[in-house]
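Listed here are the chains, written in short residue letters.
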Amino acid sequence: MAKKKITDAKNPVSVVTGGAGFLGSHLVDCLLARGHQVVAIDNLVTGAVENVAHLAGNAGFRFIQQDVTEFLFLDGPVDYVWHLASPASPIDYLELPIQTLKVGSLGTHKALGLAKHKGARFLLASTSEIYGDPLAHPQREDYWGNVNTVGPRGCYDESKRFAEALTMAYHRQHQVDTRIARIFNTYGPRMRLRDGRVVPAFISQALRNRPLTVFGRGQQTRSFCYCEDLIEGLYRLMMSRGNDPVNIGNPAEMTVLEFARAIIRLTGSRSKIVFKPLPEDDPRQRRPDISRAKELLGWAPRVALEEGIVKTIDYFQGRMEDGGGGCGNFTHKA
Ligand code: UDP
């Protein structure tokens, strides 16, 4: 189908799948602030209504509780489809492997179908996990990855690899105007306290003066991006030209052990560090090469780790005082 000219209207319409999730809800806020009308779709398996509760009564915002693997019917024009729906924490996708594969395959199919039908531009939230346990370092977009298809992380890695392939197929066969963002480790407010990822895990342990659980010897590396920077990168990517994948992440790399020490320091905690077994297939190193994002989008992260972590600590402190954890309600249905 022919590419539609994005509406000239002052208020383009955006659909955000996973719109009640950690990143989805920040994206919704960003789009509303930039004058979009936003429809957020989320089945609330790992997302939480409280992430969008502050938008109740906002005339530009609509929330639909639906599983994105089911047919998406929306009245009226849509200019942008942002497909973020998926469990994203290893703990979640190990618990929900079939749902994870379904949202990456069937859910991406439905979201692309919606974009095609509406003549909307489409952005896939892909992941650094498509590089697996990378043999190239830092990871550039032309690296094809090193994924164990039958390992425990295969459900997430392969669902996102399939989603990228399907996105390119819709682009090539149906001329849908697509974007692929490969998102590296991201953190910030609205992560669930108990989602199992290293940032909420270490911060909540440190705030309770409990031992920080470092997996392996903590020599594996990660590069952490603050959510605000990440969302700006996604927005610029959607508004840019070009259909090739783009890494969005912060190249400031550190070991998990260094990260644990930083969290103890920044929380002023009395916590010790304990070492636990390294999960199977845990990538040994990860750092984005962001040359493409810099060149195409004029984008680079601005928030230093310390600044972003302090904001995240504040958020978690508030959540703990409320006694909340915001854990998703796993349905165990597939
Ligand atoms: N990790 C850890 N302790 C924890 C949780 C995670 O040492 O309590 C490690 C994990 O093994 C990985 C890194 O922290 O090497 C990042 O884990 P996360 O689950 O945040 O995301 P991943 O990058 O593995 O998808």
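Here's what I pulled together on the structure shown here. (Residues numbered from 1 in each chain as written. Predicted model: local features only at pLDDT ≥ 70, side-chain atom pairs only at ≥ 80, totals over all residues. Heavy atoms only, no water.)

What about the pattern of salt bridges?
- One pass over the structure, following the stated rule, counts 17 salt bridges.
- We note a salt bridge from arginine 34 to glutamate 232, for which the minimum N-O separation is 2.6 Å. Linking arginine 34 in the loop between helix H1 (22-33) and strand S2 (37-42) with glutamate 232 in helix H6 (residues 227-238), this pair joins segments that are 198 residues apart in sequence.
- Residue arginine 153 pairs with glutamate 129 through a salt bridge whose shortest N-O separation is 2.6 Å. (Salt bridge = Lys/Arg side-chain N within 4 Å of Asp/Glu carboxyl O. Helix = DSSP H or I, 4+ residues; strand = E, 2+ residues; numbered from the N terminus.)

As for the sheet that holds strand S6 (residues 178-183)
- Pairing in this open sheet of seven strands is parallel, and the strands run S3-S2-S1-S4-S5-S6-S11 from one edge to the other. Unpaired on one side and paired on the other, strand S3 (61-65) and strand S11 (245-248) mark the two borders of the sheet. Taking each pair of neighbouring strands and ignoring which way they run, the sheet shows an average axis angle of 20°.
- Examined bridge by bridge, S2 and S3 share five bridges and lie parallel to one another. Within the sheet, the bridge partner assigned to aspartate 42 lies in S3 and is glutamine 65. (Pairing = 2+ DSSP bridges. Axes fitted to C-alpha atoms, helices over the stretch in contact; angles between N-to-C directions.)

Remarks on unusual backbone geometry
- In this structure, the amide linkage connecting histidine 137 to the following residue, proline 138, adopts the cis form with an omega of -10°.
- Within the secondary structure layout, proline 138 lies in the loop between strand S5 (121-127) and helix H4 (154-174).
- Of note in the backbone geometry, arginine 190 takes a positive phi value of approximately 85° without being a glycine.
- Considering the arrangement of structural elements, one finds arginine 190 in the loop between strand S7 (186-187) and helix H5 (198-207).
- A relative accessible area of 17% places arginine 190 in the buried class. (Buried < 20%, exposed > 50% of the residue type's maximum accessible area, 1.4 Å probe, protein only.)

Examining the pairing of strand S4 (residues 80-83)
- Residue alternation in S4 divides its side chains into two sets, Tyr80 and Trp82 and Val81 and His83, and both sets are buried.
- Of the pairings in the sheet, the one linking strand S1 (residues 13-17) to S4 comprises four bridges and is parallel in character. Bridged to valine 16 within S4 is tryptophan 82.
- When S4 meets S5, the two strands line up parallel, connected through four bridges. Bridge pairing links tyrosine 80 to arginine 121 in S5.

Re the site of the ligand
- As a structural note, the neighbourhood of the ligand is formed by 18 residues, with Val198, Thr213, Phe215, Arg222 and Asp282 the closest of them.
- Between an oxygen atom of the ligand and a side-chain N or O atom of arginine 153, the distance comes to 2.9 Å.
- Starting from 520 Å² of accessible surface for the ligand in isolation, the protein chains cover 94%.
- For the shell around the ligand, the secondary structure elements donating two or more residues are H5 and strand S8 (212-215). (Near = heavy atom within 4 Å. Polar contact = N/O pair within 3.5 Å; in protein donor to acceptor, adjacent residues only side chain to side chain. Areas by Shrake-Rupley, 256 points an atom, 1.4 Å probe, with all protein chains shown as cover.)

Some words on the packing of aromatic side chains
- Tallying each qualifying case throughout the model produces nine aromatic pairs.
- For the pair tyrosine 80 and tryptophan 82, a centre-to-centre distance of 6.3 Å together with 45° between the ring planes defines the contact as tilted. Across this residue pair, the class does not change: tyrosine 80 and tryptophan 82 are buried.
- Summarising the aromatic geometry, the rings of phenylalanine 224 and phenylalanine 259 are spaced 4.3 Å apart at their centres and angled 25° between planes, so their arrangement reads as stacked. Of this pair, phenylalanine 224 sits in the loop between strand S9 (221-223) and strand S10 (225-226) while phenylalanine 259 sits in helix H7 (residues 256-267), and the two are 35 residues apart along the sequence. Pair check on accessibility: phenylalanine 224 and phenylalanine 259 agree, each one buried.
- By the ring-pair criterion, three or more aromatic residues cluster together here, those being Tyr80, Trp82 and Tyr235. (Phe/Tyr/Trp six-rings, centres within 6.5 Å; stacked < 30°, edge-to-face > 60°.)

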